[in-house]
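A closer look at the structure
One letter stands for each residue in the lines below.
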Amino acid sequence: MDKRIATLAEAVAGIPDGASVMIGGFGGAGAPIELIHALIDRYLATGSPKNLTVINNNAGNGHVGIAALIEQGMVAKMVCSFPRSSDPRVFTELYQAGKIELELVPQGTLAERIRAGGAGIPAFYTPTAYGTDLANGKPVAEFDGRHYVQERWLKADFALIKAETGDPYGNLTYRMAARNFGPVMAMAATCTIAQVSQAVEAGSIDPEAVITPGIFVDMIVEVPSPQQEEVLNRAGAHHP
């Protein structure tokens, strides 16, 4: 039952070529930078994993985190809401060159598709995107005089998320807005890997304070002083 993993490298060692990977974060808030960079380091050492499908709110900024993952050529497809954020040059250049695929999903729809995946709901209807190119090829139904687009659940092989505290059973708490996509991604992935700022002993987290129950978490790895994407980008950082 002890889900603590000693190193970041061990935590990401099982992610294979072609995997679908949900990555938490809303911009830099809640982004598991260290797990992402560990995945890049493994690729540079072994040539794997590649051809990943990455599901996130955006397509990365600067040359760290998800942007660095894309820059190394590890990502075949992005599923996101905001491919053009504050500094999206890496994704933009590869997309314009036809080297990466994009599935654009409105943010509320993205969150609900992930939630539906975790809840076992194969499809739902939303008025968002009706009448736009994003609705092309999708079933449409009318309810109470309004048109709704059918959206399918979204699941993944792995989820990489960032939490504030975690215990040996995998129970997690989050720090304020860093919570964002983490809880629903943990539910929608076959294997959830969480980096935590503080690994605590069993029983240290008040059950009423648990946000993600350990049943949805497979591994936790402690990262006591996690890096922040915005700080790295202001410093002009690159990974590697």
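Scroll up to find the structure.
Below: a short report on this structure. (Residues numbered from 1 in each chain as written. Predicted model: local features only at pLDDT ≥ 70, side-chain atom pairs only at ≥ 80, totals over all residues. Heavy atoms only, no water.)

Attention now goes to the side chain of Thr-173. Tracing the backbone through its elements, the reader meets Thr-173 in strand E9 (residues 172-173). We classify Thr-173 as buried; its relative accessible area is 13%. At a separation of 2.4 Å, a polar atom in the side chain of Thr-173 contacts the side chain of Thr-165. Beyond its immediate stretch of four places on either side in the chain, Thr-173 contacts Ala-163, Glu-164, Thr-165, Ile-205, Ala-209 and Ile-211. (Helix = DSSP H or I, 4+ residues; strand = E, 2+ residues; numbered from the N terminus. Buried < 20%, exposed > 50% of the residue type's maximum accessible area, 1.4 Å probe, protein only. Polar contact = N/O pair within 3.5 Å; in protein donor to acceptor, adjacent residues only side chain to side chain. Contact = heavy atoms within 4.5 Å.)

The next subject is the packing of aromatic side chains. Counted according to the given criterion, the structure contains 3 aromatic pairs. When the centroid spacing of 5.5 Å and the interplanar angle of 15 degrees are considered together, the rings of Phe-91 and Tyr-95 count as stacked. One end of the pair is Phe-91 and the other is Tyr-95, both in helix H4 (residues 89-96) and 4 residues apart, which spans about a single turn. Take Tyr-95: its relative accessible area is 41%, and that puts it in the partly exposed class. Centre to centre, the rings of Tyr-125 and Phe-143 are 5.3 Å apart; their planes meet at 65 degrees, and the pair counts as edge-to-face. Linking Tyr-125 in strand E5 (residues 123-126) with Phe-143 in strand E6 (residues 140-143), this pair joins segments that are 18 residues apart in sequence. (Phe/Tyr/Trp six-rings, centres within 6.5 Å; stacked < 30°, edge-to-face > 60°.)

On to the nonpolar core, then. Soluble globular proteins tend to bury their nonpolar side chains together. Counting residues in each nonpolar core, the largest one holds 32 residues, and the members touching the most others are Ile-15, Leu-69, Ile-70, Met-78 and Ile-193. For this core, the element with the most residues is helix H2 (residues 33-46), which contributes 6 residues. Excluding residues that lie within four positions of it along the chain, Met-78 makes contacts with Val-54, Asn-56, Asn-58, Ala-59, Ile-66, Ile-70, Phe-91, Ile-100, Glu-101, Leu-102 and Glu-103. Core analysis: the second largest hydrophobic core is formed by 22 residues, Ile-55, Ala-159, Ile-161 and Tyr-174 among them. (Core = buried A, V, L, I, M, F, W, Y, C linked by side-chain atoms within 4.5 Å.)

Another aspect to go through is helix H5 (residues 107-119). Turn by turn, an α-helix covers 3.6 residues, leaving residues three or four places apart pointing in a common direction. Look at H5: 18 Å from first C-alpha to last across 13 residues, which is about the 18 Å you get at 1.5 Å a residue. Thr-109, Leu-110, Arg-113, Ile-114, Ala-116 and Gly-117 are the residues of H5 that are buried. Buried residues in H5, looked at end-on, bunch into an arc of 160 degrees, giving them a common side. Gly-120 lies just past H5 and shows a positive phi near 80 degrees. (Expected span 1.5 Å × (residues − 1). Arc of directions from axis to C-beta.)

This brings us to the environment of Asp-87. Along the chain, Asp-87 falls in the loop between strand E3 (75-80) and H4. You can call Asp-87 partly exposed: its relative accessible area is 22%. Taking the C-alpha atoms as reference, Asp-87 lies 26 Å from Ala-19; in sequence the two are 68 residues apart. Look past the residues within four positions of Asp-87 in its chain and what remains in contact with it is Gly-60, Asn-61 and Gly-62. Within the local environment of Asp-87, its side chain forms a polar contact with the side chain of Arg-89, the two groups lying 2.8 Å apart.

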